[in-house]
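Each chain, letter by letter, is given below.
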Amino acid sequence: MCWDIDRLLRETFVRATEHHGVLGSTNDRAKELAAQPDCPLPYLVVADQQTAGRGRGRNRWWTGRGSVAMSLVLDGRTWPEQPQPGPLLALAAAVAAARVVAPLAPQGRVGIHWPNDVYVGQKKLAGVLVEAPPGKRFVVGIGLNLNNTLAEAPAELQSTAVTLRDLTGNEHDPTDFVINLLKRLAAMLRQLTTQPGVISKAADELCLQRGLTLMVETGGRTVQGICRGIAADGGLLLATTQGLLRIASGVVLRHSPSRDA
Ligand code: BTN
């Protein structure tokens, strides 16, 4: 893909960057960089193609030709140690991505599926993988289906994924897109320290699962309930037969199409 690296450096908070044609995983490369004490931060890794793109848990990530695969190495000393910034950091990235996508896809309902996926309607457009390697650094990986097409995607993604190009019929300049994303993310990262509630509120407003019956695997058990949005700490609010639960981390196994708004 055609990146303007100079512009990325000039117009965003990123201090150093590297662009790879083919890479295993930008998160893996970012973690190598995070281990180097003199690595300039924030550091951005982008790749046109990933051969081992990873997602949360056992998820794999398809990096189709024209998609955005990027990982940012951030200095974790910027944020207070408690509570752990991980969930809100990942939500900040998802909110930033959703806000950049929304005006480009006015025909779709752009929002978030907890814990931090970006959806257009019922289909996944982007995923976020935050990792915390040793040394108070965070890696924020974002995969977003920008100019790739589902015509080239594996069969199992055909009914669950969407790309911006397929949605709009247009190609989008990757540099413009990522600059916009990084600017929004930088603003939200400042809020992570000063007003973390702003991030969870924005995510809650964008939550597309509200009113849906969700089945969530958390802490070795499965819980079912009606989604009531996203809590102040980034957890999922689920109305169950036991009352309102706040789920700090977990995997949504499935949701029912019925809606109880
Ligand atoms: C998920 O859907 O579970 C998260 C997917 C995150 C994918 C991105 S692509 C860039 C970065 N490098 C990776 O290997 N994963 C993330």
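Up top is the structure these notes are about.
Residues numbered from 1 in each chain as written. Predicted model: local features only at pLDDT ≥ 70, side-chain atom pairs only at ≥ 80, totals over all residues. Heavy atoms only, no water.

Draft legend 1. Geometry of the side chain of Asn27. Within the fold, Asn27 resides in helix H2 (residues 26-34). Side-chain polar atoms of Asn27 contact the side chain of Ser71, separated by 2.6 Å. Here Glu131 takes part through its side chain, which lies 2.9 Å from a polar atom of the side chain of Asn27. Beyond its immediate stretch of four places on either side in the chain, Asn27 contacts Arg54, Ser71, Leu129, Glu131, Val139, Val140 and Gly141. (Helix = DSSP H or I, 4+ residues; strand = E, 2+ residues; numbered from the N terminus. Polar contact = N/O pair within 3.5 Å; in protein donor to acceptor, adjacent residues only side chain to side chain. Contact = heavy atoms within 4.5 Å.)

Draft legend 2. Layout of the nonpolar core. If you look at the biggest cluster of nonpolar residues, it comprises 62 residues, and the most contacted ones within it are Met70, Leu144 and Phe177. With 13 residues, helix H3 (residues 86-101) is the single largest residue contributor to this core. The contacts of Leu144, once residues within four sequence positions are left out, are Trp61, Ser67, Val68, Ala97, Val101, Leu125, Ala126 and Phe177. One finds Leu23, Leu33, Leu41 and Val73 within the second-largest nonpolar core, a separate group that totals twelve residues. (Core = buried A, V, L, I, M, F, W, Y, C linked by side-chain atoms within 4.5 Å. Buried < 20%, exposed > 50% of the residue type's maximum accessible area, 1.4 Å probe, protein only.)

Draft legend 3. Quick peek at the sheet that holds strand S1 (residues 16-23). The strand order across the open sheet built from seven strands is S1-S2-S3-S7-S6-S5-S4, with neighbouring strands paired in mixed fashion. With partners counted over all chains shown, the strands left at the sheet margins are S1 and strand S4 (110-113), one partner each. Neighbouring strand axes in the sheet, compared pairwise and without regard to direction, differ in orientation by 20° on average. Sheet topology note: the S1/strand S2 (residues 43-50) ladder contains seven bridges and is parallel. (Pairing = 2+ DSSP bridges. Axes fitted to C-alpha atoms, helices over the stretch in contact; angles between N-to-C directions.)

Draft legend 4. The arrangement of the pattern of salt bridges in detail. By the definition in use, this model includes 15 salt bridges. Glu205 is the salt-bridge partner of Lys201, the closest N and O atoms lying 3.0 Å from each other. With Lys201 and Glu205 both in helix H6 (residues 196-206), this residue pair falls four residues apart, about one helical turn. The network of salt bridges with shared partners includes Asp28, Lys31, Arg54 and Glu131. (Salt bridge = Lys/Arg side-chain N within 4 Å of Asp/Glu carboxyl O.)

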